[in-house]
Amino acid sequence: MASLSTTHPTHPTHPITTSTPLATSDVHSTSDKKADSIFMTAPAGSSHFLRTIERDHTEFRRLFAAFSSAMSLKDKDDIKNELIRGLSIHDYITETVLFPAFEKEVPNGKDRLNTYKLRCAELRKLMTTVDKMKIDDLAFQPTFTSMTKEIEEGMIYKEREFLPALQVVITPVRAEELGHDMDKARKTAPTRPHTTAATSTVLGALAAPIDKLKDKARDFAGSSKDHPDVVGK
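Definitions and limits used
Residues numbered from 1 in each chain as written. Predicted model: local features only at pLDDT ≥ 70, side-chain atom pairs only at ≥ 80, totals over all residues. Heavy atoms only, no water. Helix = DSSP H or I, 4+ residues; strand = E, 2+ residues; numbered from the N terminus. Expected span 1.5 Å × (residues − 1). Bend = angle between axes of the 7 residues up to and from the residue. pLDDT = per-residue confidence, 0-100. Contact = heavy atoms within 4.5 Å. Buried < 20%, exposed > 50% of the residue type's maximum accessible area, 1.4 Å probe, protein only. Patch = residues over 30% accessible without salt bridge, like charges linked within 9 Å, V, L, I, M, F, W, Y side chains within 5 Å. Areas by Shrake-Rupley, 256 points an atom, 1.4 Å probe, with all protein chains shown as cover. Salt bridge = Lys/Arg side-chain N within 4 Å of Asp/Glu carboxyl O.

Draft legend 1. Highlighting helix α4 (residues 140-167). Across its 28 residues, α4 extends 38 Å between first and last C-alpha, which sits within 8% of the 40 Å expected from 1.5 Å per residue. Its axis deflected by about 45° at lysine 158, α4 carries its strongest bend there.

Here you go:
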């Protein structure tokens, strides 16, 4: 699996900022564990693409911490399900909206993305493995840890290199348009890992209803209900 540098701290100081602060509350509990995910909703405030990405990254790190501190296997399983759902949605909107913009707008954008896109493809395979594993499998914890490590490295790369490179070559209006397009794509995104549907709007649209039907058999942690950082479903 292609890997990024691991010399960065786990929670880096991000060099990119938006005008609206991110929510910093802990993962909230919910009595409705079949509710829609926060990842299906637009972040509150600006639709700037940085805001959209940073909100998701903040929520992923919050879920990582919640998983580590969860006391029961059931709670851990609910958190795992929400992570897989959120990561699948985030992967889709990044692949279908943000990557094409990067390749078009950034000089040598396609070449610069090649290695990272290969890494994303490998990460999807790891997500699929985690998604299919039982929480009490002996191999689950090391596999889950490997997945979260890869995700953290990918987020650091995006925050320190990918996003700043795109931000400097597009106008503020274009940045808002990208964020709007990404948040619109959330509504039709697959909620399970897919090798091809994650990178295709056509295949993604076909996979999403099936994924959401399967999701009815799952419980999730941290639904979007009453979350302080969502606009609406």
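Draft legend 2. Spotlight on the confidence of the model for the chain. With 78% of its residues at a pLDDT of at least 70, the chain reaches an overall mean of 81. Confidence, read as mean pLDDT per element, is least for helix α6 (residues 201-215) in the chain (87) and greatest for α4 (95). Every residue in residues 1-31 scores below 50 in pLDDT, and together they form 78 contacts with partners more than four places removed in sequence or on other chains. Across residues 224-228, confidence stays below pLDDT 50; counting only partners more than four residues off in sequence or on other chains, it has 15 contacts.

Draft legend 3. Region of interest: the side chain of threonine 191. With respect to the helices and strands, the residue threonine 191 is situated in the loop between α5 (172-185) and α6. In this structure threonine 191 comes out as buried when scored by relative accessible area, which is 1%. Setting aside its immediate chain neighbours within four residues, threonine 191 contacts Met40, Ile84, Arg85, Ser88, Ile89, Asp211, Lys212 and Asp215.

Draft legend 4. Representation of the environment of proline 190. Within the secondary structure layout, proline 190 lies in the loop between α5 and α6. Expressed as a C-alpha distance, the spacing of proline 190 and isoleucine 93, which sit 97 residues apart in the sequence, is 9.8 Å. Leaving out residues up to four positions away in the same chain, proline 190 has contacts with Ser88, Ile89, Tyr92, Ala197, Gly204, Ala207, Ala208 and Asp211.

Draft legend 5. Molecular detail of a nonpolar patch on the surface. A contiguous nonpolar surface patch, about 290 Å² in accessible area, is contributed by Val202, Leu203 and Leu206. You can see valine 202 is positioned in helix α6.

Draft legend 6. Inspection of helix α2 (residues 73-105) at higher detail. With 33 residues, α2 extends 45 Å from end C-alpha to end C-alpha; this agrees with the ideal 48 Å at 1.5 Å per step. At glutamate 95, α2 shows its largest kink, close to 40°. Counting buried residues along α2, 25 of its 33 residues qualify, which places the element largely inside the surrounding structure.

Draft legend 7. Summary view of unusual backbone geometry. Unlike most non-glycine residues, asparagine 108 shows phi in positive territory, near 55°. Residue placement: asparagine 108 occurs in the loop between α2 and α3 (109-132). Of the residues examined, asparagine 108 reaches a relative accessible area of 59% and is grouped as exposed.

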